[in-house]
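# Working through the structure, step by step
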Amino acid sequence: MISLNNRTKINRKKIRVGRGIGSGKGKTSGRGVKGQKSRSGVSIKSFEGGQMPLYRRLPKRGFNPIRDRNIAILNLDKIQSFIDKKSVKTSEVLNSNLLKKLKLIKKKSSILKILGSGEIKDKINIEADLASKSAVNKLEKIGGSIQIKK
């Protein structure tokens with residue numbers, strides 16, 4: 001059974017705008033007089049009445065990823081050149097802290113990755129976050145070792 005309150009909602013007609021003065025929504029159809037907003041097909045998207053729009057208040061993001069992982073990449077030939085220049089000793093363990101102290105990698109780099117490009121002659125112990133298979137194979141072949149931190 002439908003109550004009387006709901007019956008008025010069911011029987012209510014849709015207002016048809018622009019159908020004469022008597023309807024209350026005739027002539028300008030409740031859009032006011034003239035101007036951009038009275039025309040059809042106009043929407044002023046993101047216009048906030050002269051206030052700086054939201055899309056301009058927010059910082060630009062573009063192609064700079066927010067969660068950018070700063071990975072320091074070192075190839076084996078680069079490590080060999082450090083050994084040849086005597087900036088790195090073969091007796092000590094090569095890790096990101098040592099490389100940062102010697103200013104061989106950037107301070108802001110959080111991860112050290114060893115890649116297998118080039119050859120390495122001296123055996124050295126390396127401690128890194130990531131390493132390629134070829135780098136691990138080449139280091140083990142000459143008697144060096146690589147420890148991968150988890």
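Conventions adopted
- Residues numbered from 1 in each chain as written.
- Predicted model: local features only at pLDDT ≥ 70, side-chain atom pairs only at ≥ 80, totals over all residues.
- Heavy atoms only, no water.
- Buried < 20%, exposed > 50% of the residue type's maximum accessible area, 1.4 Å probe, protein only.
- Helix = DSSP H or I, 4+ residues; strand = E, 2+ residues; numbered from the N terminus.
- Arc of directions from axis to C-beta.
- Contact = heavy atoms within 4.5 Å.
- Salt bridge = Lys/Arg side-chain N within 4 Å of Asp/Glu carboxyl O.
- Polar contact = N/O pair within 3.5 Å; in protein donor to acceptor, adjacent residues only side chain to side chain.
- Pairing = 2+ DSSP bridges.

The complete set of buried residues in helix α5 (residues 133-141) reads Ala135, Val136 and Leu139. All buried residues of α5 project into a common sector of 100 degrees when viewed along the axis, lining one side. Facing away from the buried side of α5 by over 90 degrees, the exposed positions are Lys133 and Lys141. Following α5 by one or two positions, Gly143 adopts a phi angle in the positive range, close to 100 degrees.

Take helix α3 (residues 76-84) next. Those residues of α3 lying buried are Leu76, Ile79, Gln80, Phe82 and Ile83. One side of α3 holds all its buried residues, which, seen down the axis, span an arc of 155 degrees. The inward-facing, buried residues of α3 contact β1 (71-75), β2 (111-115), β3 (125-128) and α5. Note on α3: the residue one or two positions beyond its end, Lys86, has a positive phi of about 65 degrees.

Pairing between side chains becomes possible if they bear opposite charge and their charged atoms approach one another. If you walk through the whole model with that rule in mind, you get two salt bridges. In this structure, the salt-bridge partner of Glu48 is Arg57, at a minimum N-O distance of 2.8 Å. Between Glu119 and Lys138 there is a salt bridge, with the nearest N and O atoms lying 3.8 Å from each other. Highlighted residues: Glu119 in the loop between β2 and β3 and Lys138 in helix α5, separated in sequence by 19 residues. Owing to a relative accessible area of 23%, Lys138 belongs among the partly exposed residues under this scheme.

This brings us to the side chain of Ser132. With respect to the helices and strands, Ser132 occurs in the loop between β4 (130-131) and α5. Its relative accessible area of 17% is what places Ser132 among the buried residues. For Ser132, the side chain forms a polar contact with the side chain of Ser134, separated by 3.3 Å. Residue contacts for Ser132: discarding those within four places in its chain leaves Ile114, Leu115 and Gly116.

Let's shift gears to the sheet that holds β2. Taken together, three strands build an open sheet; the order of strands is β1-β2-β4 and the sheet is parallel. The open sheet is flanked by β1 and β4, the only strands paired with a single partner. Summarising the sheet, β2 and β4 pair through two bridges and their orientation is parallel. When the sheet's bridge partners are listed, Ile114 is paired in β4 with Ala131.

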